[in-house]
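Survey of secondary and tertiary structure
One letter stands for each residue in the lines below.
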Amino acid sequence: MSDEQEQEIAKLEDARTTFLENVPAVYTFTSFISTNLTTEDEVQFLRALLQCKLSRAAIISQLADGASPKCWWDLATFGVRRAITAVRLAEVEPFRIGLLPLLAGLSGGDWRDALRHLSVVEDCGSRLGRSAQHDLTAILAEWGNEKAAKICESYFARSAEMRDVRAMGLFPFGADQELWYQG
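Since this is a predicted model, take the numbers as computed values, not measurements.

Glancing now at the overall build of the protein. Each helix and strand counted, the protein has nine helices and two strands in total. Over its C-alpha trace the protein gives a radius of gyration of 15 Å, about what one expects of a compact globule, namely 16 Å for 183 residues. Counting only C-alpha atoms and orienting by the principal axes, one finds that the protein spans roughly 45 × 35 × 30 Å. Partitioning the intrachain contacts of the protein with sequence separation of at least 6 by distance along the chain shows that 78% fall at a separation of at least 24. Carbon together with sulfur atoms contributes 51% to the accessible area of the protein, which is approximately 9,000 Å² in total.

Right, here's the structure in full:
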């Protein structure tokens, strides 16, 4: 491993640690009111992900490495919040980069939670003109994590009706800059 790679890993680990240490006790992507989905800690973590020069697979591996169940939840939730933010901003990049912590979280989290996370990501992707399935499949092929791959495969094997956010007990409100989910 080169010095540059080691430095990138250290920066990413620092950003992950800082983010996870500052996540509120209740961290979610659902709300009863339309709220700002970007905290200062999220901005810093997102910036670190965007600037990281490691491969997508290496980034996901570093994010997932040694994480606890709460950390997996927080990483996956961060990914979903980036998908919603991408729709609100009409920008694809937050959606694309949010898939990395989403997958890191799915690699260790509960599959039932993963279904809800994936349904929102798929809904946001379609609002952005993206195929979440295509984007996730490409990343998973590069990363090769069996658990996350099985979760995504089983999710996308469901009918469109069974993947809909409403089937997951979530309800989208607003559109574009005002999108939010309740559930």
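The structure having been displayed, the exposition proceeds.
Quick look at the nonpolar core now. L102, L103 and V120 are the most contacted members of the largest nonpolar core, which totals 61 residues. For this core, the secondary structure elements donating two or more residues are α1 (3-21), α2 (40-51), α3 (56-64), α4 (69-89), α5 (93-106), α6 (111-127), α7 (132-143) and α8 (146-156). For this core, the element with the most residues is α4, which contributes ten residues. When neighbours within four sequence positions are excluded, L102 is seen to be in contact with L75, A76, G79, V80, H117, L118, V121 and L136.

Right, let's talk about the environment of E161 for a bit. Checked against the element boundaries, E161 lands in helix α9 (residues 160-163). Judged by relative accessible area, which is 61%, E161 ranks as exposed. Put simply, E161 and W111 are 50 residues apart on the chain and 18 Å apart in space, counted from C-alpha to C-alpha.

Direction vectors running N to C along α1 and α2 enclose 160°, while the axes themselves pass 9 Å from each other. When the axes of α1 and α2 are compared, the pair comes out roughly antiparallel. For the pair α1 and α2, the crossing hand works out as left-handed. Contact residues: E8, L12, A15, R16 and F19 in α1; D41, E42, F45, A48, L49 and Q51 in α2. Considering only residue class, the contact of α1 with α2 consists of six nonpolar, one polar and four charged.

As a further point, take the packing of aromatic side chains. Tallying each qualifying case throughout the model produces six aromatic pairs. For the ring pair F19 and F45, a centre distance of 4.7 Å and an interplane angle of 5° mean the geometry is stacked. Residue F19 is located in helix α1, and its partner F45 is located in helix α2; the two are separated by 26 residues in the primary sequence.

When you line up the elements, E6 lands in helix α1. Taking the C-alpha atoms as reference points, E6 and L54, separated by 48 residues in sequence, lie 9.8 Å from one another.

Further remarks concern α7. Relative to the 16 Å expected for twelve residues at 1.5 Å per residue, α7 spans 16 Å between its end C-alpha atoms, a close match to the ideal helical length. All of the buried residues in α7 are A132, D135, L136, I139, L140 and W143. Buried residues in α7, looked at end-on, bunch into an arc of 125°, giving them a common side. For α7, the exposed residues set more than 90 degrees away from the buried face come down to H134 and A141. For α7, the secondary structure elements touched by its buried residues are α3, α5, α6 and α8. Among the residues trailing α7, G144 stands out with phi positive, at a value near 80°.

Cut-off values and rules
Residues numbered from 1 in each chain as written. Predicted model: local features only at pLDDT ≥ 70, side-chain atom pairs only at ≥ 80, totals over all residues. Heavy atoms only, no water. Helix = DSSP H or I, 4+ residues; strand = E, 2+ residues; numbered from the N terminus. Rg over C-alpha atoms; globule rule 2.2 N^0.38 Å. Contact = heavy atoms within 4.5 Å. Areas by Shrake-Rupley, 256 points an atom, 1.4 Å probe, with all protein chains shown as cover. Core = buried A, V, L, I, M, F, W, Y, C linked by side-chain atoms within 4.5 Å. Buried < 20%, exposed > 50% of the residue type's maximum accessible area, 1.4 Å probe, protein only. Axes fitted to C-alpha atoms, helices over the stretch in contact; angles between N-to-C directions. Parallel < 35°, antiparallel > 145°, perpendicular 65-115°, else oblique. Left-handed = near helix turned anticlockwise from the far one by under 90°. Nonpolar A, V, L, I, M, F, W, Y, C, P; charged D, E, K, R; others polar. Phe/Tyr/Trp six-rings, centres within 6.5 Å; stacked < 30°, edge-to-face > 60°. Expected span 1.5 Å × (residues − 1). Arc of directions from axis to C-beta.

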